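For reference, the chains in residue letters:
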Amino acid sequence: MRHSPRTSIFIWIIFLNNLQWNIAAKVKTKVVLFQNATTFHNPDYFNRYDISFSEDHQSMDCDTMLIRNITEPLWDKFSVEMKLKKDNNYRVLVTYVFNVCDILGKSFKESTSLFGLWAQNMLKYGNLPKSCPILANLYSWHNFRIERTSIPPMVLNGYYRLNITNFLKRPQGNVIITDSTMIMVVKMKY
């Protein structure tokens, strides 16, 4: 069943509005466990793109070796899908396409929005520059974990698939420079 754009926007607005929760409230916390990852990197831009998980699956390491400066806007398509129990298919919960350079230039230190919290996480655990251009370099995220405060309370226990595609917009079509898919499990932690 496909949602109309208006319905999808409405679901997205409800989702974002529910993110203004009281972090100090005493509720059971949830933990995200990384299960597996698949990656692709365009050899014209990267010669390395590796993801590995800790023994307890609560954190991951990611190392990428950018071999060419990215001087034009870098775009990201980010989607989160939830596995349905009845048929083992995934349903898209949210998809967001954004200009990475616009995000890098913003400060999310005081943000309580989900996207702001996720951006803080990416900058906290890694050495991604705070602005564009993105220069050729080794970029790493070590001991990266999904902070408990960035898991909305309405997120159900279960399996989730996270798809992240970085690309450059070109008149003849987008050029994918990295593509990754991660399977994660959200569980209650007591």
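It should be emphasised that the depicted structure is a prediction, and the values quoted were computed from it without experimental measurement.

What counts, and at which threshold
- Residues numbered from 1 in each chain as written.
- Predicted model: local features only at pLDDT ≥ 70, side-chain atom pairs only at ≥ 80, totals over all residues.
- Heavy atoms only, no water.
- Pairing = 2+ DSSP bridges.
- Helix = DSSP H or I, 4+ residues; strand = E, 2+ residues; numbered from the N terminus.
- Axes fitted to C-alpha atoms, helices over the stretch in contact; angles between N-to-C directions.
- Disulfide = S-S within 2.5 Å.
- Buried < 20%, exposed > 50% of the residue type's maximum accessible area, 1.4 Å probe, protein only.
- Phe/Tyr/Trp six-rings, centres within 6.5 Å; stacked < 30°, edge-to-face > 60°.
- Lys NZ or Arg CZ within 6 Å of the ring centre and 35° of its normal.

Let's talk about the sheet that holds strand S5 (residues 90–99)
Remark on secondary structure: sheet strands pair via backbone hydrogen bonds, oriented parallel or antiparallel.
Now for step 1: Sheet architecture is open: 5 strands sit in the order S1-S8-S7-S4-S5, paired in antiparallel fashion. Since the sheet does not close on itself, it has two edges, and those belong to strand S1 (29–41) and S5, each with one partner. Here the average twist between neighbouring strands, direction ignored, is 20°.
Now for step 2: Across 9 bridges, strand S4 (residues 75–83) lies against S5 in antiparallel orientation. Each bridged residue has a counterpart across the sheet, and for Lys83 the counterpart in S5 is Tyr90.

What about the state of the cysteines?
Now for step 1: In the structure shown here, the tally under the stated rule is 1 disulfide.
Now for step 2: Here Cys101 connects covalently by a disulfide to Cys132, the sulfurs 2.0 Å from one another. One disulfide, between Cys101 and Cys132, carries an S-S torsion of -90° and so falls in the left-handed class. Residue Cys101 is found in helix H2 (residues 100–104), and its partner Cys132 is found in the loop between helix H3 (114–125) and strand S6 (137–144); the two are separated by 31 residues along the sequence.
Now for step 3: Classification of Cys101 as buried rests on a relative accessible area of 19%.
Now for step 4: A residue is classified by how much of its surface remains accessible, and Cys132, at 27% relative accessible area, is partly exposed.

Concerning the pairing of strand S7 (residues 158–168)
Remark: a regular strand shows side chains that alternate across the two faces of the sheet.
Now for step 1: Counting buried positions along S7 yields 9 of 11 residues, so the element is predominantly enclosed.
Now for step 2: The pairing of S7 with strand S8 (residues 175–189) spans 11 bridges and is classified as antiparallel. Residue pairing in the sheet places Ile164 in a bridge with Ser180 of S8.
Now for step 3: Where S7 folds back onto S8 in an antiparallel hairpin, the turn is made up of 6 residues, including Gly173, whose phi is positive at roughly 130°.

As for the packing of aromatic side chains
Now for step 1: In total, this model carries 3 aromatic pairs according to the counting rule given.
Now for step 2: For the pair Tyr125 and Phe144, a centre-to-centre distance of 5.5 Å together with 80° between the ring planes defines the contact as edge-to-face. In this pair, Tyr125 is assigned in helix H3 and Phe144 in strand S6, connecting sequence segments 19 residues apart. In terms of burial, Tyr125 and Phe144 fall into one category: buried.
Now for step 3: One Lys or Arg, Arg68, reaches over the ring of Tyr45 and ends 4.4 Å from the middle of that ring.
Now for step 4: If you follow Lys169 out to its NZ or CZ, it ends over the ring of Trp75, 3.7 Å from the centre.

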